[in-house]
Amino acid sequence: MKILVTGGAGYIGSHTCIELLASGHEVVIVDNLSNSSEESMSRVEKISGKKMAFIHADIRDEAALDAAFSQHKVDAVIHFAGLKAVGESTEFPLKYYDNNVSGSCVLMQVMDKHNVNTLVFSSSATVYGDPATVPITEDFPLTTTNPYGQSKLVVEQMCRETVIANDNLSVVLLRYFNPVGAHISGTIGEDPKGIPNNLMPFITQVAVGKREFLSVFGDDYDTVDGTGVRDYIHVVDLAKGHVQAIEKLHGQAGCHTFNLGTGQGYSVLEMVAAFSKACNKEVPYKIIERRAGDIGQCYADPAYAKSVLDWQAEKTLDDMVNDSWRWQSNNPDGYSS
Ligand code: NAD
Ligand code: UFG
């Protein structure tokens, strides 16, 4: 298939492009490079030994998207493009609604105009809010506490309604848990701008000496050691989930929703211990107060993805920390190293 990948230069997008190319698909990337660089795409081409088409454009630019779909006869779209910083979204909510919601709306209109009827959308476990129990199944109530999460909920709803109105449309909503890790080559990985918001890039920057210590946000949750528990999933497993989704559900009209997680939760201190082993040094940390909006624990029931997509996460916690460390130690300043 020829697949248009929005946000394909970013963290999850770049790993997914590798898996798409490895499965014999052609890739056309649309990215405005607001949180990425062209370097990730040249590394993907180097790893794959294959070329991709790149269109430097914003998904809100209808004319540019129209031209992209006219130039490339694509069969399906995987839509990663979006802003993802929860804290920033509370400061600039309109920026998030404009980029994530309006952008998705323009994309779906242009897809419709060009009769492209398969869409895979990057949703998030954040749509479950603070779940009453774990593990989380796809039918749990949906709620969220910040504009970023709300932008995901609105796009999910937009997809469900558009599917009802268009009998030919197939939309796959993939709710990611906590993506970590990097390609085994150590040449592509997560490259956050500024101070990382997420746990794993913060730990790797402490280990490489860019930051003094990790602040652990609270040790009084009702969890194994009091620190927050999450379902960390290797980005390569996540990427493979997209290939399965597009191959199994292309042309299958309807709105299909899946958790992409491992089903296993790890605490912050368990992640620190696993990472210390991988980099063979202590990762200094200090326990501080809880972060506003955080929840105690969150992990997936991934059974539905296994039964329908024939997909399950295969990589271990050791793979996640070893691959994150290889990427960070080879590229201490990310793609600008
Ligand atoms: P990322 O920032 O690395 O990648 C997003 C890409 O989209 C970047 O290359 C950016 O330049 C591009 N982009 C952003 N807005 C754009 C626009 N208007 N037009 C064109 N390109 C645009 O982020 P990621 O971690 O790879 O996340 C990909 C998707 O997965 C996002 O939608 C994110 O919300 C979602 N998600 C991520 C996580 C996570 O923890 N990383 C968890 C759940 C869901
Ligand atoms: N944590 C720390 N110190 C840090 C960063 C994080 O102790 O410096 C803790 C958090 O309190 C939490 C755990 O590490 O217990 C994971 O935190 P992250 O920020 O890495 O991830 P979250 O689960 O809070 O949120 C992430 C993304 C969201 C997404 C969600 C579900 O940031 O966008 O996963 O996919 F919605």
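Remember, it's a predicted structure, so these values are computed and weren't measured experimentally.

Student: Just checking my understanding: could you explain helix α9 (residues 268-279) for this structure?
Tutor: Two residues of an α-helix separated by three or four positions point the same way, owing to the 3.6 residues in each turn. Over its 12 residues, α9 runs 17 Å from end to end, which matches the ideal 16 Å to within 8%, given 1.5 Å per residue. Val268, Met271, Val272, Ala274, Phe275, Ser276 and Cys279 are the residues of α9 that are buried. Residues of α9 that are buried in the fold lie against α7 (199-207), β8 (214-217), β10 (232-234), β12 (266-267), β13 (285-288) and α11 (317-330).

Student: Can you help me understand the site of ligand 2 in this one?
Tutor: Within the structure, ligand 2 sits among 21 residues, and Ser124, Asn198, Ser215, Arg230 and Asp294 are positioned closest to it. Against a free-state accessible area of 680 Å², the protein chains account for coverage of 88% of ligand 2. Looking at the shell around ligand 2, the element that brings in the most residues is β8, giving four residues. Residue composition of the shell around ligand 2, grouped by class: 11 nonpolar, seven polar and three charged.

Student: Please clarify how the sheet that holds strand β1 (residues 2-6) should be interpreted in this entry.
Tutor: What links the strands of a sheet is backbone hydrogen bonding, and the strands pair in either a parallel or an antiparallel sense. Spatial strand order, β3-β2-β1-β4-β5-β6-β11: seven strands in an open sheet with parallel pairing. Only two strands of the sheet have a single partner each, and these edge strands are β3 (53-56) and β11 (254-260). Adjacent strand axes in the sheet meet at a mean angle of 20° when their direction is disregarded. Here β1 pairs with strand β2 (residues 26-31) via five bridges, running parallel. Counted as the bridge partner of Leu4 is Val28 from β2. Relative to the sheet, helix α6 (residues 147-165) contacts β5 (118-124), β6 (170-176) and β11, its axis offset from that of β5 by approximately 150°. Packing of helix α8 (residues 235-249) onto the sheet brings it into contact with β1, β4 (76-79), β5, β6 and β11, and relative to β6 it is tilted by some 160°.

Student: Can you walk me through the nonpolar core in this structure?
Tutor: In summary, soluble globular proteins display a tendency toward joint burial of nonpolar side chains. Val27, Met52 and Leu174 are the most contacted members of the largest nonpolar core, which has 39 residues in total. A per-element tally of this core places α8 first, with seven residues. In this structure Met52 touches Cys17, Leu21, Val27, Ile29, Met41, Val44 and Glu45, once residues within four positions along its chain are discounted. Within the second largest apolar cluster, 29 residues are counted, among which are Ala64, Val110, Val155 and Leu173.

Student: How should I be thinking about the site of ligand 1 in this particular structure?
Tutor: Near ligand 1 you find 27 residues, and of these Asp31, Asn35, Ser36, Lys84 and Tyr148 are the closest. Contact distances for ligand 1 include 2.8 Å between an oxygen atom and a backbone N or O atom of Tyr11. Here Ser34 contributes a backbone N or O atom positioned 3.0 Å from an oxygen atom of ligand 1. Coverage of ligand 1 by the protein chains reaches 95% of its 820 Å² of free accessible surface. Counting only elements with at least two residues in the shell around ligand 1, the list comes to α1 (11-22), β5 and α6. Taken together, the residues that form the shell around ligand 1 break down as 11 nonpolar, 11 polar and five charged.

Calculation notes
Residues numbered from 1 in each chain as written. Chains lettered and ligands numbered in written order. Predicted model: local features only at pLDDT ≥ 70, side-chain atom pairs only at ≥ 80, totals over all residues. Heavy atoms only, no water. Helix = DSSP H or I, 4+ residues; strand = E, 2+ residues; numbered from the N terminus. Expected span 1.5 Å × (residues − 1). Buried < 20%, exposed > 50% of the residue type's maximum accessible area, 1.4 Å probe, protein only. Contact = heavy atoms within 4.5 Å. Near = heavy atom within 4 Å. Areas by Shrake-Rupley, 256 points an atom, 1.4 Å probe, with all protein chains shown as cover. Nonpolar A, V, L, I, M, F, W, Y, C, P; charged D, E, K, R; others polar. Pairing = 2+ DSSP bridges. Axes fitted to C-alpha atoms, helices over the stretch in contact; angles between N-to-C directions. Core = buried A, V, L, I, M, F, W, Y, C linked by side-chain atoms within 4.5 Å. Polar contact = N/O pair within 3.5 Å; in protein donor to acceptor, adjacent residues only side chain to side chain.

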